[in-house]
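# Descriptive analysis of the structure
Letter by letter, the chains look like this.
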Amino acid sequence: MWRHPWPLAERQLASLSSVRTPAERRWAEWITSTVDELAQKRLLRSLRPVQPVPGSPQRARLFPQAAAEPASNELIVFAANDYLGLSGHPRVREAAAAAAVAHGCGPRSSALVCGYTDLHKQLEASLATLKQTEEAFLLPSGFAANTAVLGALASSPSCAIFSDALNHASIVDGARLAAKGGGMRCACCPLQHSRRPRLSLR
């Protein structure tokens, strides 16, 4: 059987062998075979803890999870979203620390309940001024933005979304949700990657 290179996942898989009932056994067998299949296809993903290197947003230290790994590997990160390196900028860190001392930290609730604070409003106003727009609206991530905006804008049967099949998952999910939600379903039309369709208005 394939052995996971990281002990935590291996222990989790081993614990499945202790199940008792036939239903639990079938479930454990399905999980094990699915993980094995993903591993064989090199599609198995697992979380690895990293520590950002101060002052260098493109570098991080990877900590060992197996005895054979070195004590610390420093990596160049190509997949981060911190394009401008602001997460480690001294002024940003000082402002975040000051805000945490003054206001606490963590989401108190969703924005619609009581999680929308004066700081959020000030940031939206500053962003609107920066971008020279009437308003700005904060969302917790790009994924949340795409699913929310597509669902809000494409809320009519007269609307159609044409989306490249290799678009980011957030765009794909946003288009699917827009096509299924609210009773006012738009059309969702996935397109083959890099193929320019011939579209006609009807």
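Residues numbered from 1 in each chain as written. Predicted model: local features only at pLDDT ≥ 70, side-chain atom pairs only at ≥ 80, totals over all residues. Heavy atoms only, no water.

## A word on the packing of aromatic side chains
With the rule as written, the count across this model stands at one aromatic pair. With centroids separated by 5.3 Å and ring planes inclined at 25°, the aromatic side chains of tryptophan 27 and tryptophan 30 adopt a geometry described as stacked. One end of the pair, tryptophan 27, and the other, tryptophan 30, are both in helix 2 (residues 22-40), three residues apart, so they sit about a helical turn from each other. (Phe/Tyr/Trp six-rings, centres within 6.5 Å; stacked < 30°, edge-to-face > 60°. Helix = DSSP H or I, 4+ residues; strand = E, 2+ residues; numbered from the N terminus.)

## Let's talk about the sheet that holds strand 3 (residues 73-76)
Read from one edge to the other, the open sheet built from three strands follows the order 1-2-3, with strand pairing classed as antiparallel. The outermost strands of the open sheet, each flanked by one partner alone, are strand 1 (50-53) and strand 3. Each neighbouring strand pair of the sheet contributes to a mean axis angle of 35°, computed without reference to strand direction. Examined bridge by bridge, strand 1 and strand 2 (residues 56-62) share four bridges and lie antiparallel to one another. Looking at strand 2, one finds that valine 50 is bridged to leucine 62. (Pairing = 2+ DSSP bridges. Axes fitted to C-alpha atoms, helices over the stretch in contact; angles between N-to-C directions.)

## Quick look at a nonpolar patch on the surface
There is a patch of nonpolar side chains on the surface, built from Tyr83, Leu84, Leu86 and Val92 and spanning about 470 Å² of accessible area. When you line up the elements, tyrosine 83 lands in the loop between strand 3 and helix 3 (90-103). (Patch = residues over 30% accessible without salt bridge, like charges linked within 9 Å, V, L, I, M, F, W, Y side chains within 5 Å. Areas by Shrake-Rupley, 256 points an atom, 1.4 Å probe, with all protein chains shown as cover. Salt bridge = Lys/Arg side-chain N within 4 Å of Asp/Glu carboxyl O.)

## Topic: the environment of arginine 59
If you trace the backbone, arginine 59 turns up in strand 2. Owing to a relative accessible area of 34%, arginine 59 belongs among the partly exposed residues under this scheme. Sequence separation between arginine 59 and alanine 80 is 21 residues; the distance between their C-alpha atoms is 9.9 Å. Those residues within four positions of arginine 59 in sequence are excluded, and the remaining contacts are Pro52, Val53, Glu74, Leu75, Ile76 and Val77. (Buried < 20%, exposed > 50% of the residue type's maximum accessible area, 1.4 Å probe, protein only. Contact = heavy atoms within 4.5 Å.)

## Notes on the side chain of glutamate 124
Examined against the element boundaries, glutamate 124 turns out to sit in helix 5 (residues 118-131). No salt bridge is formed by the buried glutamate 124, whose closest oppositely charged neighbour, lysine 121, lies at an N-O distance of 4.7 Å. Here the side chain of glutamate 124 touches leucine 138 through a polar contact of 3.0 Å, landing on its backbone nitrogen. Once residues within four sequence positions are removed from consideration, glutamate 124 is found in contact with Tyr116, Ala136, Phe137 and Leu138. (Lys, Arg positive; Asp, Glu negative; His and termini not counted. Polar contact = N/O pair within 3.5 Å; in protein donor to acceptor, adjacent residues only side chain to side chain.)

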